[in-house]
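Below, each chain spelled out in residue letters.
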Amino acid sequence: MKILAKNGKHHEEIKVIKREGPMLQVSIGNREYSLDVEKVEDGVYSVLHNGTSHNMEIIKSEKKHFYAVNTQYQSFNIEIAPAGSLKGDKKRQGDKNEQILAPIPGKVISIKATPGDVVKEGQTIVVLSAMKMENELKSPIDGIVSKIHVKEDAVVKENSVLVDVKAVD
Amino acid sequence: MKILAKNGKHHEEIKVIKREGPMLQVSIGNREYSLDVEKVEDGVYSVLHNGTSHNMEIIKSEKKHFYAVNTQYQSFNIEIAPAGSLKGDKKRQGDKNEQILAPIPGKVISIKATPGDVVKEGQTIVVLSAMKMENELKSPIDGIVSKIHVKEDAVVKENSVLVDVKAVD
Amino acid sequence: MIRKILVANRGEIAVRIIRSCRESGIKSVAIYSQPDRTSMHVRYADEAWPVGPGPSGQSYLNIEKILETARKSGADAIHPGYGFLSENAEFARQVREAGLIFIGPDAEAINAMGDKMKARELMIKAGVPVVPGSGRLTDDESQNLKIATDIGFPVMIKASAGGGGKGMRLVEKPEELNSSIRRAKSEALNAFGDDSVYMEKYLKSPHHIEVQILGDTHGNIVHLFERECSVQRRHQKIVEETPSPFIPEKIRKKMTDRAVAAAASVNYTGAGTVEFLVDADMNFYFLEMNTRLQVEHPITERTTGIDLVKAQIKIANGEPLPWKQKEIGKSGHAIECRIYAEDPERNFMPGAGTVLHITEPLGLGVRTDGYIYEGYEITVHYDPLISKLIVWAQSREEAVQRMKRALYEYKITGVKTNIQFLERIMNTPDFVEGKYDTHFIANNEEFLMKGENCNQSCEDLAMIMAFVEHQSHVDKRLRFNNGQSGKSNWKEYGRLHRFNPF
Amino acid sequence: MIRKILVANRGEIAVRIIRSCRESGIKSVAIYSQPDRTSMHVRYADEAWPVGPGPSGQSYLNIEKILETARKSGADAIHPGYGFLSENAEFARQVREAGLIFIGPDAEAINAMGDKMKARELMIKAGVPVVPGSGRLTDDESQNLKIATDIGFPVMIKASAGGGGKGMRLVEKPEELNSSIRRAKSEALNAFGDDSVYMEKYLKSPHHIEVQILGDTHGNIVHLFERECSVQRRHQKIVEETPSPFIPEKIRKKMTDRAVAAAASVNYTGAGTVEFLVDADMNFYFLEMNTRLQVEHPITERTTGIDLVKAQIKIANGEPLPWKQKEIGKSGHAIECRIYAEDPERNFMPGAGTVLHITEPLGLGVRTDGYIYEGYEITVHYDPLISKLIVWAQSREEAVQRMKRALYEYKITGVKTNIQFLERIMNTPDFVEGKYDTHFIANNEEFLMKGENCNQSCEDLAMIMAFVEHQSHVDKRLRFNNGQSGKSNWKEYGRLHRFNPF
């Protein structure tokens, strides 16, 4: 079974060529790597590649088959799946509606749009106060505000739907 | 079933009176305690007792029913067992022979006794070099050296028997 | 003599205060809200008592309950930390009425500095420069327009009782003036029950520079030099440093001198901070005085060597300051980065969650003041500040290098943090050169939000290791165990060196 | 210009050196023995290469393999740390022959100081006081007795090539003298292939005080003041502090002056330490010179503000020292405690094992230099030093208080450590008063080995919690789960404060 790893829109096939103790030989796309891999803590690996030392922490995400990989300099969010099963971005782009959810519980400070407003991707729609900070919640797409589910001053729970935005084609 | 906790020679019976959420009411001997107990990490508890804050780490020992309890200031080695099943110190004192073992792997630097020597408890019998340090291994009892199992300069493994000491009554 | 201090706060500052108590042989009493039962200040204090549920209004702001706890625990003093009740004059008054020592200034000084218009008047009297502005504005629209024209647009409308942006309005054009005043008044009335507003000149590219003050009960007031706090995002300080890379020695002298005068004008006792705005021409103006310990106080502790919490306690004990002004020196350069549980990639959304791993930066010149631990659950109830990273070095250049090294070492996972964002600040040319004002973040937004360069092999390795972790559950060939390297293999144990040569 | 440094060491000192490399923009190359594959220096360096199996002779002392690794990795310099090859003149020579920079002094200086008798002669020539003693001893027994009588009993017999106690004999009575010389010679021959021994006066209650030196390749040599290292157990330093609480300023001046003269006599370059013994009458005598970085160098870094590793690198780069002697100041007081994986209750037996939990002490004035992490397995192959805890404060009294606080916070479990023993040192009156010499540990053994007082409730709580943990597996009533306190309970989420007031 072919296995793919996907980082954003970029995906590659990964194959194990050989494993001997800590030495792992693997191919990704058409490139081959010989790695010296040691698990130093749960989910934490020390990887030596041609002498270069990498520390990597790998955390299983709540989303199935997704892994957060933290390296010394960066964070990746990588999906691992058999070829063909990856959820493409394409599909999601076909959705006509997007929702603005409350990422954490908080209080709605202000709503910066009214139904029917044309909004741009990244435009602030709701200001939510949480953890003593004001947080701007933005439209994920270019579209039209189709419904507003909350009022100003409302206290909302995590993942409450606040606003619907309908995509314009 | 009665349960005893034992610290060295001191042992007490412990009984749970009531548990409600974090609140634990318990008796030890004839004393009662009301404790607010929170597990903050695996094996680590925060315990509030009449406002006094205690952090306690409890590590299961390799020895069955023994627990190392580390408080902010001290370490305890506590045995938990049904009443009557405790291994008494008395029994061990009945042993006629004691062995000096290598507590860690190392090299025998010198042996400070010969068979037949009368030795005191705490007297250095073997000097073992390990972890770049010289370590004095002492007689656990007053007695007579009955057998020496190793030679100077020997490299020994952990728990190797080095010397037998026979108790004098 | 203070023997037991109740710390009326939580988080890193509660831990930090308890540390100085412990070093001084003073017992500490923590208070906690219900969700803070497992918080570090509870675990670290000698005693800990519950004061109510999560919302601060019912716990950390519950004066009655806090005073009751102080009585119950036998505390003889209360340290308010920062935030919460630290600048609440009523609390200071009630603490003293209860026969306890309040570790902070008099209620009068808190009140005087809390009312912005009153503070302005006091400063003018004390010869401390203030931003050109007005007294209390009336409803006389033509008079208001005249005042604004004299000051020069743009102007800021501010609420006298205000703070944190409420009742504040920036007015760029004359035709917007009076409607803005009306809106500010109504907002101020709603927020503070007082519709007094005034007008100030709006400074375009100011520096936010503050001076640390200590005053004792014997009339001595000294300063501990300045802190540069211009790296801010939406009025939230992120990075502070001392000395300021901006002001020359001559201005430093003038500012610290005026800061002492400002504190003296209210007979200030305890630790306090006089905040100034400094314009591009080095004109400085009194902004406000914070009558408490500041979040960023550790950088001053590092360059002056003075433990500010211990100094506060001694002052509260009635002891005179142990140094004269000329005995207070400073050396080297210190920088603080505030570590927030927030996600810079999602518009700095603060995040709650359970901390999985922490690696603290250690070694030469590094201090961290934090309160989270592995397994700790960050809650939504409070400020997302989880730690402060402070470095010191002989020069500013070395301090920036050291901060980069420390940020590189600092790993917190399980919750999102701004650590990588702080690393980018340290790499921003304007910051590296020390040429920045309060618009730094906005001016460098593109650079700051850009991800690190990742070459193909770095992405490849991340994908491979995600694959390894994923497959390890089903494919024996990819199972790696902790400690497989054979380091426990006694068989290879050979000749040991007999002596430790060090 | 040095761009990449191979660190020929392991453990805390390797990590510490790599930190300064990272701050200087220099790439670091770690080397590791097989059991050290997961050690922190391997994980922290930019590169890491294996050099052999566990025993040092086949890895960290394997000159050929280390030089090969330097070539392979493209390193242009080698830092030897302390111990291992740091004082091996042959290594220094071969590194330079291979066209690499050795971060340390010339092979000649290492050699001169490595031969104790030669060093004695050099010091006498340079006007540095040495312990009254002899040249190389012959087999002429009556002559030997005359020398000993002139010096005065007791005397020490020492091997010229010696170190660490080998070939050393304390002689208290004339009749034991010549047999002791014979045994010392035979021991020295066995250990070092050289039977040269000499005699020195035995100082009864000496202080062990050393002076930090820096010399550049342009002939400049400065000192960075002294370190008091008299808290020792079996010649192993445990606690160091600076300044010494023992010597007055006048003696400090003389000692540091003589230390510079000692270094100048061998045209010393790099960082080095001149060790002195100081008797109760403040007479000081040259003991030896360590031609490398010292374990306890961080206390000097803290009081002088100078990063000694960066200074070493700059000197190796051929740069002149950036300060003149009079520009080097010191402030406050610093103390270091060495954290060993050993069990004070079992005669300080070093221990191997897996580290379960670490809580590092943090906050004002605290530095730790360590290398272990949670899950790391300490092996039997190397020195049991796992961390160094360094504190600074304005005064010695405050530094002792801070050290106690830091030791209180320092929790390492899974392996036995000497942390509680160090806490008892900090509570020993002789230490608190600064009145101690090298017999401190022996003189205070009873106090130091005594356990802490435990009242009944503290023992009761320990027993109860062991019971709780034991029963939690079988008795639901005693099962406590992480995070049960309801802090995740969003239902109680109420009014939030809108603004961050800090």
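Residues numbered from 1 in each chain as written. Chains lettered and ligands numbered in written order. Predicted model: local features only at pLDDT ≥ 70, side-chain atom pairs only at ≥ 80, totals over all residues. Heavy atoms only, no water.

A closer look at the overall build of chain C
For chain C, the helix and strand inventory stands at 17 helices and 22 strands. For chain C, the C-alpha radius of gyration of 25 Å lies close to 23 Å, the compact-globule estimate for 502 residues. Projected onto the principal axes, the alpha-carbon positions of chain C cover approximately 90 × 55 × 45 Å. Taking all 502 residues of chain C together, the buried fraction comes to 64%. Total accessible area on chain C stands at roughly 17,900 Å², and carbon and sulfur atoms take up 48% of it. Across chain C, the 65 positively charged side chains and the 67 negatively charged ones have centroids separated by 4 Å. (Helix = DSSP H or I, 4+ residues; strand = E, 2+ residues; numbered from the N terminus. Rg over C-alpha atoms; globule rule 2.2 N^0.38 Å. Buried < 20%, exposed > 50% of the residue type's maximum accessible area, 1.4 Å probe, protein only. Areas by Shrake-Rupley, 256 points an atom, 1.4 Å probe, with all protein chains shown as cover. Lys, Arg positive; Asp, Glu negative; His and termini not counted. Charge placed at Lys NZ, Arg CZ, Asp CG, Glu CD.)

Considering the nonpolar core
Of all hydrophobic cores here, the largest spans 127 residues; its most connected members are Ile78(D), Leu214(D), Val239(D), Ile412(D), Ile425(D) and Met426(D). Ala30(C), Phe84(C), Leu321(C) and Tyr376(C) belong to the second-largest nonpolar core, a separate cluster that totals 106 residues. (Core = buried A, V, L, I, M, F, W, Y, C linked by side-chain atoms within 4.5 Å.)

Notes on the side chain of Asp437(C)
All names here are of chain C. Structurally, Asp437 is set in the loop between helix H14 (429–432) and helix H15 (440–443). Here Asp437 sits buried without a salt bridge, and the closest side chain of opposite charge, Lys204, lies 12 Å off (N-O distance). In contact with Asp437, other than residues within four places in its own chain, are Ser205, Pro206, His207, Ser230 and Asn443. (Salt bridge = Lys/Arg side-chain N within 4 Å of Asp/Glu carboxyl O. Contact = heavy atoms within 4.5 Å.)

Concerning the interface of chain C and chain A
Across the contact, 55 residues belong to chain C and 57 residues belong to chain A. Counting the surface lost from both chain C and chain A, the interface buries some 5,100 Å², and carbon and sulfur atoms represent 63% of this. We note a salt bridge from Glu136(A) to Arg234(C), for which the minimum N-O separation is 3.8 Å. The interface formed by chain C and chain A holds 14 residue pairs in polar contact (both at pLDDT 80 or more) in total. Listing elements by their share of the side of chain C that touches chain A, those giving two or more residues are strand E16 (349–350), strand E22 (411–413) and helix H17 (456–471) of chain C. (Buried area = accessible area lost by both parts, 1.4 Å probe. Polar contact = N/O pair within 3.5 Å; in protein donor to acceptor, adjacent residues only side chain to side chain.)

Let's talk about unusual backbone geometry
Pro154(D) follows Phe153(D) through a cis peptide bond whose omega is -5°. On the secondary structure map, Pro154(D) appears in the loop between helix H7 (141–151) and strand E6 (155–159). A cis amide bond links Thr242(D) with the next residue in sequence, Pro243(D), at an omega value of -5°. When you line up the elements, Pro243(D) lands in the loop between strand E11 (236–242) and helix H9 (249–264). Although it is not a glycine, Asn50(A) sits at a positive phi angle of roughly 50°. Relative to the helices and strands, Asn50(A) resides in the loop between strand E5 (44–49) and strand E6 (52–60).

Observations regarding the sheet that holds strand E10 (residues 221–233) of chain C
Residue and element names in this part refer to chain C. With antiparallel pairing, the eight strands of this open sheet are ordered in space as E13-E12-E9-E10-E11-E14-E21-E19. Unpaired on one side and paired on the other, strand E13 (284–290) and strand E19 (366–370) mark the two borders of the sheet. Put simply, the sheet's adjacent strands are angled 25° from each other on average, direction ignored. Both E10 and strand E11 (residues 236–242) contribute to a ladder of four bridges, which runs antiparallel. (Pairing = 2+ DSSP bridges. Axes fitted to C-alpha atoms, helices over the stretch in contact; angles between N-to-C directions.)

Regarding the sheet that holds strand E12 (residues 124–130) of chain B
Residues and elements named next belong to chain B. Ordered in space as E13-E12-E10-E15, the four strands form an open sheet in which the pairing is antiparallel. With one partner strand each, in any of the chains shown, strand E13 (133–138) and strand E15 (155–156) form the two edges of the open sheet. Pairing analysis gives four bridges linking strand E10 (residues 106–111) to E12, with the strands arranged antiparallel. Counted as the bridge partner of Ile111 is Val126 from E12.

Quick notes on the confidence of the model for chain A
Close reading of the predicted structure is inappropriate where its pLDDT is low. Per-residue pLDDT for chain A averages 85, and the proportion of residues at 70 or more is 92%. By mean pLDDT, helix H1 (residues 89–93) of chain A is the weakest element of chain A at 44, and strand E3 (residues 23–28) of chain A is the strongest at 95. (pLDDT = per-residue confidence, 0-100.)

Description of the packing of helix H3 (residues 63–73) of chain D against helix H4 (residues 89–97) of chain D
All names here are of chain D. One way to put it is that H3 packs onto H4 with a least axis distance of 11 Å and a crossing angle of 30°. Considered as vectors, H3 and H4 are oriented roughly parallel to each other. Crossing of H3 over H4 shows right-handed handedness. Contacts between H3 and H4 pair Ile63, Ile66 and Leu67 from the former with Phe91, Gln94 and Val95 from the latter. In the contact of H3 with H4, the residues fall into five nonpolar, one polar and no charged. (Parallel < 35°, antiparallel > 145°, perpendicular 65-115°, else oblique. Left-handed = near helix turned anticlockwise from the far one by under 90°. Nonpolar A, V, L, I, M, F, W, Y, C, P; charged D, E, K, R; others polar.)

A short note on the domain arrangement of chain A
Accessible area lost when the parts come together is the quantity often used to give the size of an interface. Parsing chain A into structural domains produces domain 1 (2–82) and domain 2 (97–167). A C-alpha centroid distance of 36 Å is found between domain 1 of chain A and domain 2 of chain A. (Domains from an automatic or database assignment.)

Side note on the pattern of salt bridges
In this structure the tally under the stated criterion is 98 salt bridges over all chains. Among the ionic pairs, Arg252(C) bridges to Glu226(C), the shortest N-O distance being 2.9 Å. Here Arg252(C) is found in helix H9 (residues 249–264), whereas its partner Glu226(C) is found in strand E10, with 26 residues between them in sequence. Of the two residues, Arg252(C) and Glu226(C), both sit in the buried class. Between Glu241(D) and Arg396(D) there is a salt bridge, and its shortest N-O distance comes to 2.7 Å.

Considering the packing of aromatic side chains
What the rule picks out here adds up to 24 aromatic pairs over all chains. Considering the side-chain rings of Tyr371(C) and Tyr376(C), the 5.6 Å spacing of their centres and the 70° angle between planes classify their relative orientation as edge-to-face. On the basis of relative accessible area, Tyr371(C) is assigned to the buried category, the value being 3%. Between Tyr408(C) and Tyr44(D), the ring centres sit 6.3 Å apart and the planes meet at 55°, which makes this aromatic pair tilted. With Tyr408(C) in helix H12 (residues 396–409) and Tyr44(D) in helix H2 (residues 40–44), this pair bridges two chains. Of the two residues, Tyr408(C) and Tyr44(D), neither departs from the other in class, the shared state being buried. An aromatic cluster is present here, built from Tyr60(C), Phe84(C) and Tyr382(C) joined pairwise through their rings. (Phe/Tyr/Trp six-rings, centres within 6.5 Å; stacked < 30°, edge-to-face > 60°.)

Some remarks on a nonpolar patch on the surface
Taken together, the side chains of Val118(A), Ile144(A) and Val168(A) define a hydrophobic patch exposed on the protein surface, amounting to about 250 Å² of accessible area. Locating Val118(A) in the fold gives a position in strand E11 (residues 118–119). (Patch = residues over 30% accessible without salt bridge, like charges linked within 9 Å, V, L, I, M, F, W, Y side chains within 5 Å.)

Brief notes about H9(D)
Residue and element names in this part refer to chain D. The terminal C-alpha atoms of H9, which comprises 16 residues, lie 22 Å apart, in line with the 22 Å expected from a rise of 1.5 Å per residue. Of the residues making up H9, those classed as buried are Ile251, Arg252, Met255, Thr256, Ala259, Val260, Ala261, Ala262 and Ala263. The secondary structure elements touched by the buried residues of H9 are helix H5 (107–114), helix H6 (116–125), strand E9 (207–215), strand E10 (221–233), strand E12 (270–278) and strand E13 (284–290). (Expected span 1.5 Å × (residues − 1).)

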